[in-house]
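Chains, contacts and geometry: an overview
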Amino acid sequence: MERQKNGTWVKIAVMVLLTAFFVVFVAATLNFSMKVFTYNYNGPVEIADGKYTGPAIGVDFTIKRKGKYVVSAKWWPEEEPGYITGLQIKNGDEVISWMTGNMVNAEFVPKEFEPGKYRAEFVILTDDKAYRDFVADYDGGYETSGDVFEGYRDGVFDVTYSLQVEMSRSHQTITFLAGCTVYGLLMGLLIFSLCYKGSRPEYDERQKLVIGNGYKYAFYTLFALMLIYSLLSYSGMSDFMSPAIFCEAAIIVGVAVFAIYTTVYDGYFAVNVMSGRMTGIFTVLFLLLLAASVINIVKGHIYAKGRFEIGVIFVLLTVVVGILLTLFFVKRKTATGEEEE
C-alpha cells in the first residue's frame, strides 16, 4: 500500500512538472522571435522639378533561418503624396518581391527565403514613365490597367514608411501542435494510470450507456462545428479564426461535451475512479492553465488583427477544466453528504 501511495505521488509530481514545462514551452513558442526586423522611416520627402534627390530609403537585413516569411509594408499619410512609391526586396541584384502604390497598407504572400543578406528599398517614382519602367522589370513584364496616376506634383510630403519581416506563423503552428500532441498523450497516460487500480478498466451497464451517449453527443458537437465553419469558409466569413486553431478549438469543445456529460451522469471511466486524486490533479491543471491564459492575454495573443490567435486555446482549456473541476467538487460534496445521512 505504501509503495502504491508513493507511486501515486510520483505520478502527480511528474504531471505537475510536465505541465509546468508545457507552459514554459508555450511561452517560448509564443515569444519566439518571429520578427526578423522592423524598419520605420519618418521624414519629409521633397519632390522638386519632378525629381527626388534625397537619400535612399531602405534597410539591409539578414535571414538566419530558412523558411517562409511574410513582408508587411505600410505608407498611408494623411495627405496624398504627389508621387508613387515602389518597394522592392532584393537578394543581391535579384528582386524577389515588390509592390507599388501611392498609399499602401498590405503584405506579401508568404515567400520562401534562404539564409542570407537582403535589402529592402523604397523607390520614389515621380512620373508615369518611372512607374511603368519600375513595374516592367519584374515578372516578365507588367501590364497596367491603362489608368494614369494624375497626382504627380512637386512638394514636400511628410510620409512614414513602415516595413516588417516575420516568419510565417505556419512554422509556429506546426511546432505548437507537435508540443500539444506530446503533452496530451503523456498527460492522458498518466491520468489513465491514476484512475485505474487494475490494468483493465471495469464498466457496469449504466456506465457503458452513459459513455456511449457521451461519445455520440461529442460527435454531433464536432460535426456541427465543422459544418458551420465550412459554410462560413464558403461565404468568406471564416477569417475570424484560422482553420488550424478552429480545429483545435472544435476538438476541445467536443471532448468537453463528452467529459461534462459523463461526469454529470456518473459515467466515469471505471468503477474505482478516485475522485480525490482527480480533483487534486485538475486543480493543479486549472491553476497552470489559468496562468498560461493570463500570460497570453497580457501579451496580446488572444485576438489580433481581426482574428483569434493561438492563445485562445488556453482560455478555452481553462474554461473547460474549470467546469470539470467545479463538477468534481459538487460530486464530492454530494457524495459526502449522502454518506453522512
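Not measured: the values here are computed from a predicted model. (Residues numbered from 1 in each chain as written. Predicted model: local features only at pLDDT ≥ 70, side-chain atom pairs only at ≥ 80, totals over all residues. Heavy atoms only, no water.)

Looking at the overall build of the protein
Assigned secondary structure in the protein consists of seven helices and 12 strands. Considering only intrachain contacts with a sequence separation of at least 6, the fraction spanning at least 24 residues in the protein is 82%. Carbon and sulfur atoms provide 61% of the accessible area of the protein, an area that totals close to 19,800 Å². (Helix = DSSP H or I, 4+ residues; strand = E, 2+ residues; numbered from the N terminus. Contact = heavy atoms within 4.5 Å. Areas by Shrake-Rupley, 256 points an atom, 1.4 Å probe, with all protein chains shown as cover.)

Thoughts on unusual backbone geometry
Unlike most non-glycine residues, Asp49 shows phi in positive territory, near 55 degrees. Within the secondary structure, Asp49 sits in the loop between strand S1 (35–48) and strand S2 (51–52). You can call Asp49 exposed: its relative accessible area is 69%. (Buried < 20%, exposed > 50% of the residue type's maximum accessible area, 1.4 Å probe, protein only.)

Description of the pattern of salt bridges
Scanning all chains against the criterion turns up five salt bridges. Between Glu79 and Arg153 there is a salt bridge, with its nearest N and O atoms 3.3 Å apart. Taken as a pair, Glu79 in the loop between strand S4 (67–75) and strand S5 (84–91) and Arg153 in the loop between helix H2 (128–136) and strand S10 (155–167) lie far apart in primary sequence, 74 residues in all. Glu79 gets classed as partly exposed once you look at its relative accessible area, which sits at 47%. (Salt bridge = Lys/Arg side-chain N within 4 Å of Asp/Glu carboxyl O.)

Description of helix H4 (residues 205–234)
Relative to the 44 Å expected for 30 residues at 1.5 Å per residue, H4 spans 44 Å between its end C-alpha atoms, a close match to the ideal helical length. Buried within H4 we find Gln207, Val210, Ile211, Asn213, Gly214, Ala218 and Tyr229. Buried residues along H4 sit in contact with helix H5 (243–264). Just beyond H4, the residue with positive phi is Gly236, at close to 75 degrees. (Expected span 1.5 Å × (residues − 1).)

A look at the packing of aromatic side chains
Here the structure, examined in full by the defined rule, presents 19 aromatic pairs. Centre to centre, the rings of Phe61 and Tyr118 are 5.7 Å apart; their planes meet at 15 degrees, and the pair counts as stacked. With a gap of 57 residues between them, Phe61 in strand S3 (residues 57–63) and Tyr118 in strand S9 (residues 116–125) connect regions that are remote in the sequence. Its relative accessible area of 4% is what places Phe61 among the buried residues. (Phe/Tyr/Trp six-rings, centres within 6.5 Å; stacked < 30°, edge-to-face > 60°.)

Some thoughts on the confidence of the model for the protein
Averaged over the protein, the pLDDT score is 79; the fraction of residues at 70 or greater is 81%. Segment residues 140–144 is flagged for pLDDT under 50; beyond a separation of four residues in sequence, or across chains, it makes eight contacts in the model. (pLDDT = per-residue confidence, 0-100.)

Examining the nonpolar core
Membership of the largest hydrophobic core comes to 34 residues, with the highest contact counts inside it found for Phe282 and Ile313. Only helix H1 (2–31), helix H3 (169–195), H5, helix H6 (275–298) and helix H7 (312–340) provide two or more residues apiece to this core. Counting residues per element, this core draws most heavily on H7, at eight residues. Setting aside residues no more than four positions away along its own chain, Ile313 makes contact with Ile245, Glu248, Ala249 and Ile252. (Core = buried A, V, L, I, M, F, W, Y, C linked by side-chain atoms within 4.5 Å.)

Here we look at the sheet that holds strand S6 (residues 94–101)
What holds strands together in a sheet is hydrogen bonding between their backbones, with the strands either parallel or antiparallel. Read across the sheet, four strands follow the order S3-S9-S5-S6 without closing on themselves; strand pairing throughout is antiparallel. Bordering the open sheet on either side are S3 and S6, each of which pairs with just one other strand. Across the sheet, the axes of successive neighbouring strands diverge by a mean angle of 15 degrees, strand direction being ignored. Two strands pair when backbone bridges link them, and S3 and S9 are joined in this way by seven bridges, in the antiparallel orientation. Bridge pairing links Asp60 to Arg119 in S9. (Pairing = 2+ DSSP bridges. Axes fitted to C-alpha atoms, helices over the stretch in contact; angles between N-to-C directions.)

Digging into the environment of Lys331
The residue Lys331 is located in helix H7 in this model. Through-space distance from the C-alpha of Lys331 to that of Asp266 is 9.0 Å; in sequence the pair is 65 residues apart. Ignoring any residue separated from it by four or fewer positions in sequence, one finds Lys331 in contact with Thr263, Val264, Asp266 and Tyr268.

Topic: the pairing of S9
Bridge count between S5 and S9: seven bridges; the pairing is antiparallel. Bridged to Lys90 within S9 is Arg119.

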